[in-house]
Amino acid sequence: MGSQTPLKLPVIDFSKPDLKPGTNEWDLVKGQVRVALEDYGCFEATFDKIPLDLREAIFGSLEELFDLPLQTKLRNVSNKPYHGYVGQYPQVPLYESMGIDDANIIEKVEALTATLWPRGNSSFSKTVQSFSEKLSELDQTIRKMVLESFGLEKYMDEHMDSTNYLLRVMKYKGPKTTETKLGLNSHTDKNIVTILYQNQVDGLEVRTKEGEWVNVNPSKHSFIVMIGESLHAWLNGRLHAPYHRVMMTGDKARYSTGLFSIPKAGYMIKAPDEMVDEAHPLLFKPFDHVEFLGFYYTEAGQKAESALKVFCGL
Ligand SMILES: O=C(O)CCC(=O)C(=O)O
Ligand SMILES: [Fe+2]
């Protein structure tokens, strides 16, 4: 243990003013994205398109939200698993979260806000929407780079149109111990791309392909980008979807947000022909993300080492 050199995730800079398709700058960053996602499935991104006051306001909004009475939080229900209020689980007592579907669309956020605050809370809906919309630019930049790097430009519009955005916001209570306690179980994300942002309380850990856990300690100005199994499957296994978990110590609460690009219900995830050849036989049958999620939350899905392989592996 003690002899290990601490690993660090690659850091990629998206703050350059001229990061536009077709420029040298773009191609350089695109190459870094490809390598990081092949090797780790994950990287730290510096991205300055979200003003500091908005990044600070988001944590104020999260505190306000999680301070609501439990009965009120439970009003956020969703027909998709894991999209509404999640919490009060004995296995992860420190954890609770709220899903905000279509968080980049103001009408949708306002509707959820109205169920939580019947007298209204426009600063909450504005903060959430504006943060999500601005951060979705980073999601799109990364996906554009990924598709280009595999020569899949002709699928760009279809791919971009096939997803929507969920903002899931999380609170992990400080365990008030010096030893480490589980905040969130080890899992892979099931969506396309996840972009995480946290207050200055660390706890996220990512597992390398070799099975080592890396502590993720992002700077105040950076986001953690990670790919999910739907993108892994669509690219026929070319990019790695990493296991990750949250481990907590101390007494400070950790607040985090995850912007998830998620395949729409009814959209069949099918690896393009360009991704399949003799060296890369097709790994998964075409599948619908929402049906896959349904399976993942069954007993068999939870038991499987890879729920995706059991659900639609070839
Ligand atoms: O809180 C975090 O940083 C990670 C959350 C996470 O992995 C998830 O919601 O899928
Ligand atoms: Fe996750």
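Keep in mind it's a predicted model, so treat the numbers as computed, not measured.

K.L.:
Now, about the packing of helix H4 (residues 106-116) against helix H5 (residues 122-149): what can you tell me, with residues and values included?
P.N.:
Between H4 and H5, the least distance of the axes is 9 Å, while the angle of their chain directions is 140°. The orientation of H4 relative to H5 falls into the category oblique. For H4 against H5, the interelement crossing comes out right-handed. On the side of H4, the interface is formed by Ile 106, Val 109, Glu 110 and Thr 113, while H5 contributes Phe 124, Ser 125, Lys 126, Val 128 and Gln 129. Per-class residue counts for the contact of H4 with H5 are four nonpolar, three polar and two charged.

K.L.:
Please give an account of the pattern of salt bridges that cites residues and values.
P.N.:
This model, assessed by the stated rule, comprises 14 salt bridges. Close ionic contact of Glu 148 with Lys 30 constitutes a salt bridge, the shortest N to O distance being 2.8 Å. You can see Glu 148 sitting in helix H5 and its partner Lys 30 sitting in helix H1 (residues 24-39), a full 118 residues away along the chain. Lys 30 matches Glu 148 in its accessibility class, with the two residues each being buried.

K.L.:
Help me get a handle on the UniProt feature "domain: Fe2OG dioxygenase" (unreviewed entry) in the protein chain, residues and values and all.
P.N.:
Mapped onto this numbering, the UniProt entry gives "domain: Fe2OG dioxygenase" (unreviewed entry) at residues 162-263. Annotated as 6% helix and 56% strand, the span residues 162-263 places its first and last C-alpha atoms 6 Å apart.

K.L.:
Give me the layout of surface pockets: which residues, what numbers.
P.N.:
Taken as a whole, the second largest pocket holds about 270 Å³ of empty space. Forming the boundary of the second largest pocket are 14 residues, of which Leu 19, Lys 20, Trp 26, Glu 137 and Thr 141 lie nearest the centre. Looking at the lining of the second largest pocket element by element, the count peaks at five residues for H5. Taken together, the residues that form the lining of the second largest pocket break down as seven nonpolar, two polar and five charged.

K.L.:
Which residues make up the site of ligand 1, and what are the values?
P.N.:
The immediate surroundings of ligand 1 are formed by 13 residues, with Tyr 172, His 187, His 244, Arg 254 and Ser 256 found nearest. A distance of 3.0 Å separates an oxygen atom of ligand 1 from a polar atom in the side chain of His 187. Between ligand 1 and the protein, one listed contact pairs an oxygen atom with a side-chain N or O atom of Ser 256 at 2.7 Å. If ligand 1 stood free it would expose 300 Å²; the protein chains cover 99% of that surface. Across the shell around ligand 1, the residue classes break down as seven nonpolar, three polar and three charged.

K.L.:
Any details on the sheet that holds strand E11 (residues 244-250)? Residues and values, ideally.
P.N.:
Taken in spatial order, the four strands of this open sheet run E6-E11-E8-E9, and their pairing is antiparallel. Because the sheet does not close on itself, it has two edges, and the strands there are strand E6 (177-187) and strand E9 (213-215). Strand-to-strand twist in this sheet, taken as the mean axis angle between neighbours without regard to direction, amounts to 30°. In terms of strand pairing, E6 meets E11 through five bridges, oriented antiparallel. The partner of Leu 184 across the bridge, within E11, is Val 246.

Conventions and cut-offs
- Residues numbered from 1 in each chain as written.
- Chains lettered and ligands numbered in written order.
- Predicted model: local features only at pLDDT ≥ 70, side-chain atom pairs only at ≥ 80, totals over all residues.
- Heavy atoms only, no water.
- Axes fitted to C-alpha atoms, helices over the stretch in contact; angles between N-to-C directions.
- Helix = DSSP H or I, 4+ residues; strand = E, 2+ residues; numbered from the N terminus.
- Parallel < 35°, antiparallel > 145°, perpendicular 65-115°, else oblique.
- Left-handed = near helix turned anticlockwise from the far one by under 90°.
- Contact = heavy atoms within 4.5 Å.
- Nonpolar A, V, L, I, M, F, W, Y, C, P; charged D, E, K, R; others polar.
- Salt bridge = Lys/Arg side-chain N within 4 Å of Asp/Glu carboxyl O.
- Buried < 20%, exposed > 50% of the residue type's maximum accessible area, 1.4 Å probe, protein only.
- UniProt positions renumbered as here; feature names shortened; annotations may be inferred.
- 1 Å grid on protein atoms, 1.4 Å probe; cavity = no way out; pocket = protein on both sides within 12 Å on 5 of 7 lines; lining within 4 Å.
- Points joined across faces, edges and corners; volume = space filled by probe spheres on them.
- Near = heavy atom within 4 Å.
- Polar contact = N/O pair within 3.5 Å; in protein donor to acceptor, adjacent residues only side chain to side chain.
- Areas by Shrake-Rupley, 256 points an atom, 1.4 Å probe, with all protein chains shown as cover.
- Pairing = 2+ DSSP bridges.

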